[in-house]
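# Observations on the three-dimensional arrangement
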Amino acid sequence: MTITKAAKGVIQMFTDRLYKTAKPIWEASYHHPFVQGIGNGTLDIDKFRFFMEQDYLYLIEYCRLFALGSLKAHNLQTMTVFADLLHSTLKVEMDLHRQYAERIGIEKEKLEQVQPAATTVAYTSYMLNVSQRGSLAELVAAVLPCTWSYYEIGTRLHEIPGASEHEFYGEWVKMYASTEFGELAKWLKDLMNELAEGKREEELKWLEDIFVTTSKYEYMFWEMSERKEMWPIEINS
């Protein structure tokens, strides 16, 4: 596993460094009105519908990243995990997403016709760009903030009394606070540490920059959903 430094007998992993750098962004995300509205049950349901629609489009692009992960994997075990993630996301998670969306008033037909917002396009395009151009390390640095920060948010929201029992938001909280989702976050963290091992400082800094950038995009996704913001200008064709 990757060791970036040892001080006073404490071993620091590369993901510890990433967490320390991105923590202010993640704290801002957790305290964002949209996220807090999920936790205390006060979020406008229309804003959550907008979020679910854009998140559905995000998941489609996330699947492409899993496919790339399998392609760029350095061993059969890692290739298999990414392939399993691709399959489970396409066949299980997205179907659950459709069912959940229908519960809050988004019909399947409408979900399939949703157009991506500017932030959704920018975020997914950035991840795909750095992942296609780079190695598996760049890909993992790009996807890790989503999984890891969602698990952190889900776990913290789960501690709010009644959050996991809310009529609309409870299932969302329980999903991202689940042991299974936590195991996925841990697997990606372990893989990130493994891939960072032996890299020069300039290479580590580049991976850190990617991680911070997608952490910022995570915050922007919450902000976009709070504002129900599509594009600065709309042109009717």
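Report follows, based on the coordinates. Keep in mind the model is a prediction, meaning the values are calculated, not measured.

Definitions and limits used
- Residue positions within a chain follow its written sequence, with the count starting from 1.
- Only residues with pLDDT of at least 70 get local features here, since the model is predicted, and only at 80 or more are side-chain atom pairs given and counted; chain-wide, interface and lining totals rely on the full set of residues.
- No hydrogens and no water enter the side-chain calculation; it runs on all heavy atoms of the structure.
- Secondary structure elements are defined from DSSP: runs of H or I of at least 4 residues count as helices, runs of E of at least 2 residues count as strands, and each element is numbered from the N terminus.
- Put simply, the radius of gyration uses C-alpha atoms, and a globule should come to 2.2 Å times the residue count raised to 0.38.
- When a residue's accessible area, from a 1.4 Å probe over protein chains only, is under 20% of the maximum for its type it is buried; when over 50% it is exposed; and in between it is partly exposed.
- In this analysis, two residues are considered to be in contact whenever any of their non-hydrogen atoms come within 4.5 Å of each other.
- Using the Shrake-Rupley algorithm and a 1.4 Å probe, accessible areas are obtained, with residue cover drawn only from the displayed protein chains.
- Counted charges follow a simple rule, with Lys and Arg positive, Asp and Glu negative, and His plus the chain ends left uncounted.
- All charge positions are set by atom: Lys at NZ, Arg at CZ, Asp at CG, Glu at CD.
- The angle between two axes is taken between their N-to-C directions and runs from 0 to 180 degrees, where each axis is a line fitted to C-alpha atoms and a helix contributes only its stretch in contact.
- Note that the term roughly parallel is reserved for angles under 35 degrees, roughly antiparallel for angles over 145, roughly perpendicular for angles of 65 to 115, and oblique for everything else.
- Note on convention: near helix rotated counterclockwise from far helix by under a right angle means a left-handed crossing. Clockwise means right-handed.
- The residue classification treats Ala, Val, Leu, Ile, Met, Phe, Trp, Tyr, Cys and Pro as nonpolar and Asp, Glu, Lys and Arg as charged. All others, Gly included, are polar.
- Patch construction takes residues with relative accessible area above 30% that form no salt bridge. Like charges are linked within 9 Å, and nonpolar side chains (Val, Leu, Ile, Met, Phe, Trp, Tyr) are linked within 5 Å.
- The term salt bridge refers to a pairing of a side-chain nitrogen on Lys or Arg with a carboxyl oxygen on Asp or Glu at a separation within 4 Å.
- Here a pair means two rings of Phe, Tyr or Trp (six-membered ring of Trp) with centres within 6.5 Å. Their orientation is stacked below 30 degrees between planes, edge-to-face above 60, and tilted elsewhere.
- Criterion for a charge above a ring: Lys NZ or Arg CZ within 6 Å of the ring centre, and within 35 degrees of the ring normal.
- Disulfide: a pair of cysteine sulfur atoms within 2.5 Å of each other.

Okay, the overall build of the protein next. Across its full length, the protein holds 10 helices and 2 strands. For a compact globule of 237 residues, the expected C-alpha radius of gyration is about 18 Å, and the protein comes in at 18 Å, within 12% of that figure. Across the 237 residues in the protein, those meeting the buried criterion constitute 48%. Expressed as a percentage of contacts within the protein between residues at least 6 apart in sequence, the contacts between residues at least 24 apart total 81%. Counting only carbon and sulfur atoms, one obtains 54% of the accessible surface of the protein, whose full area is about 12,000 Å². Across the protein, 25 positive and 35 negative side-chain charges occur, with their mean positions spaced 5 Å apart.

Our next topic: the packing of helix α1 (residues 14-30) against helix α7 (residues 136-158). At a minimum axis separation of 11 Å, α1 and α7 run at an interaxial angle of 55°. The orientation of α1 with respect to α7, classified from their angle, is oblique. Judged by the sense of rotation from one axis to the other, the crossing of α1 with α7 is right-handed. Contacts between α1 and α7 involve Thr15, Tyr19, Trp26, Glu27, Ser29 and Tyr30 on the former and, on the latter, Leu144, Pro145, Trp148, Ser149, Glu152, Ile153, Arg156 and Leu157. Tallied by class, residues from the contact of α1 with α7 come to 8 nonpolar, 3 polar and 3 charged.

A surface patch of like charges, here negative, comprises Glu102, Glu107, Glu109 and Glu112. Residue position: Glu102 is located in helix α4 (residues 76-103). Exposure remark for Glu102: the relative accessible area of 53% places this residue in the exposed category.

What follows deals with the packing of aromatic side chains. In this structure the tally under the stated criterion is 28 aromatic pairs. For the pair Tyr150 and Trp172, a centre-to-centre distance of 5.7 Å together with 55° between the ring planes defines the contact as tilted. Remark: Trp172 occurs in helix α8 (residues 170-176) and Tyr150 occurs in helix α7; sequence separation between them is 22 residues. Here Tyr150 falls in the buried class, since its relative accessible area comes to 4%. On the accessibility criterion, Trp172 (2% relative accessible area) is buried. Measuring from centroid to centroid gives 5.4 Å for Tyr150 and Trp222, while their planes differ by 20°, and the two rings are stacked. Placement of Tyr150 in helix α7 and of Trp222 in helix α10 (residues 201-227) is noted, with a sequence separation of 72 residues between them. Trp222 matches Tyr150 in its accessibility class, with the two residues each being buried. Across the ring face of Tyr30, the terminal group of Arg156 is positioned such that the distance to the ring centre comes to 3.7 Å.

Even without a glycine there, the phi angle at Lys228 is positive, about 50°. Along the chain, Lys228 turns up in the segment after α10.

Moving on, we get to the packing of helix α6 (residues 118-133) against α7. Between α6 and α7, whose axes approach to 7 Å, the crossing angle comes to 155°. Between α6 and α7, the angle falls in the class roughly antiparallel. Crossing of α6 over α7 shows left-handed handedness. Note on element contacts: α7 touches α6 through Glu138, Leu139, Ala142, Val143 and Cys146, opposite Tyr123, Met127, Val130 and Ser131.

What follows deals with the state of the cysteines. By definition, a disulfide is the covalent link that joins the sulfur atoms of two cysteine residues. Taken as a whole and assessed by the stated rule, the structure comprises 0 disulfides. The cysteine Cys63 is free of any disulfide, with Cys146 supplying the nearest cysteine sulfur at 12 Å. Residue classification places Cys63 among the buried residues on the basis of a relative accessible area of 4%. Judged by relative accessible area, Cys146 falls into the buried class, the value being 9%.

The next point concerns the environment of Leu71. With respect to the helices and strands, Leu71 occurs in helix α3 (residues 45-72). Leu71 sits 43 residues away from Val114 along the chain, and the two C-alpha atoms are 29 Å apart.

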